[in-house]
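Survey of secondary and tertiary structure
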Amino acid sequence: MSIDQIFDDPYTAPRFASAALITIDVQRDFLSEAPYGVAGTTEALPRIREVVSAFRTAQRPVVHIVRLYDIGGGNAEPSRRRLLESGVDLAAPGTPGSQLAEGMAPAGAAELDVDLLKSGRPQELGPHEFALFKPRWGAFYRTGLDELLRARGVDTLVFAGCNLPNCPRASVIEACERDYRVVLVPDAVSRATEVGLAEISGLGVHLVPAAELIGHLPGRAPTP
């Protein structure tokens with residue numbers, strides 16, 4: 001099925017003129033080479049950056065969803081508390097590892113504001129660009145993401161980041177539950193397997209590689 005045929009579905013077809021990009025956990029501690037990093041994240045980073053840059057050029061919203069684990073893991077999901085209680089610092093507030101990966105934030109953006117983010121409020125990093133803290137797997141769980149997006153007339157979400165079986169998958173499902181039109185960029189997400197992508201596609205999510213996606217953004221010529 002061609003990309004044009006996919007976009008013919010009147011109920012799920014992306015509307016890129018009213019789309020936002022959601023990046024998930026693209027932080028230094030989750031890069032492939034980090035002690036507790038996720039395989040494939042550094043390798044996906046160039047495509048993720050390309051998509052972020054294209055959304056900036058199109059002047060469409062970009063929201064970087066981040067994790068911030070308190071020392072000792074008191075605010076972590078139960079499956080990670082034992083690791084964090086052992087003394088491991090992972091995306092700990094204020095540490096270099098908690099910051100967005102190199103090249104993700106706009107030029108001149110401030111570092112992540114821990115107090116602001118942990119209060120549940122978005123941090124503005126640049127025009128149309130924000131960081132937002134999530135306390136669990138899904139980007140919508142106990143966050144103001146839905147309100148942030150609806151206030152800007154967003155009805156289509158494009159997802160990229162780290163790592164598909166966990167936080168991107170949970171976030172995609174939450175977006176579908178809220179009736180957003182959803183796109184996943186398979187070459188801009190780590191640990192994307194053929195089975196995992198097929199399962200995501202079965203939810204009505206469109207899988208659009210970075211080069212094709214960029215060509216569909218406002219003001220961009222479609223990729224031949």
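Residues numbered from 1 in each chain as written. Predicted model: local features only at pLDDT ≥ 70, side-chain atom pairs only at ≥ 80, totals over all residues. Heavy atoms only, no water.

Before going further, it helps to examine the nonpolar core. Counting 35 residues, the largest nonpolar core has F16, I48, F55, M104, V158 and L213 as the members making the most contacts within it. Sorting the residues of this core by element identifies β1 (19-24), α2 (41-57), β2 (62-66), β4 (129-133), β5 (156-161), β6 (181-189) and α8 (210-216) as the ones contributing at least two each. No other element matches α2, which puts seven residues into this core. When near neighbours in sequence (up to four residues on either side) are disregarded, F16 contacts F7, R60, V158, V183, L213, H216, L217 and P218. Formed by 26 residues, the second largest nonpolar core is a distinct cluster that contains L132, V172, L197 and V205. (Core = buried A, V, L, I, M, F, W, Y, C linked by side-chain atoms within 4.5 Å. Buried < 20%, exposed > 50% of the residue type's maximum accessible area, 1.4 Å probe, protein only. Helix = DSSP H or I, 4+ residues; strand = E, 2+ residues; numbered from the N terminus. Contact = heavy atoms within 4.5 Å.)

Our next topic: the sheet that holds β2. The seven strands lie next to each other as β3-β4-β2-β1-β5-β6-β7, forming an open sheet whose pairing is mixed. The sheet is open, and its two edges are formed by β3 (123-126) and β7 (206-207), each paired on a single side. With two bridges connecting them, β6 and β7 associate as parallel partners. Along β7, the bridge assignment pairs L184 with L207. (Pairing = 2+ DSSP bridges.)

The subject of this paragraph is the environment of E111. Mapped onto the elements of the fold, E111 is located in the loop between α3 (78-85) and α4 (114-118). Counting along the chain gives 74 residues from E111 to V185, while the straight-line C-alpha distance between them is 26 Å. Leave out the neighbours within four places in its chain, and E111 touches Q99 and Q123.

Two side chains bearing opposite charge may form a pair once their charged atoms approach each other closely. What the rule picks out here adds up to nine salt bridges. With its nearest N and O atoms 3.1 Å apart, the salt bridge here joins D155 to R15. You can see D155 sitting in the loop between α5 (145-150) and β5 and its partner R15 sitting in the loop between α1 (3-6) and β1, a full 140 residues away along the chain. On the basis of relative accessibility, which here comes to 19%, the residue D155 falls in the buried class. Here R67 and E77 are joined by a salt bridge, their closest N and O atoms 2.5 Å apart. Of this pair, R67 sits in the loop between β2 and α3 while E77 sits in the loop between β2 and α3, placing them 10 residues apart in sequence. Neither residue differs from the other here; R67 and E77 are each classed as buried. Among the charged side chains, a salt-bridge network with shared partners connects R67, E77 and R80. (Salt bridge = Lys/Arg side-chain N within 4 Å of Asp/Glu carboxyl O.)

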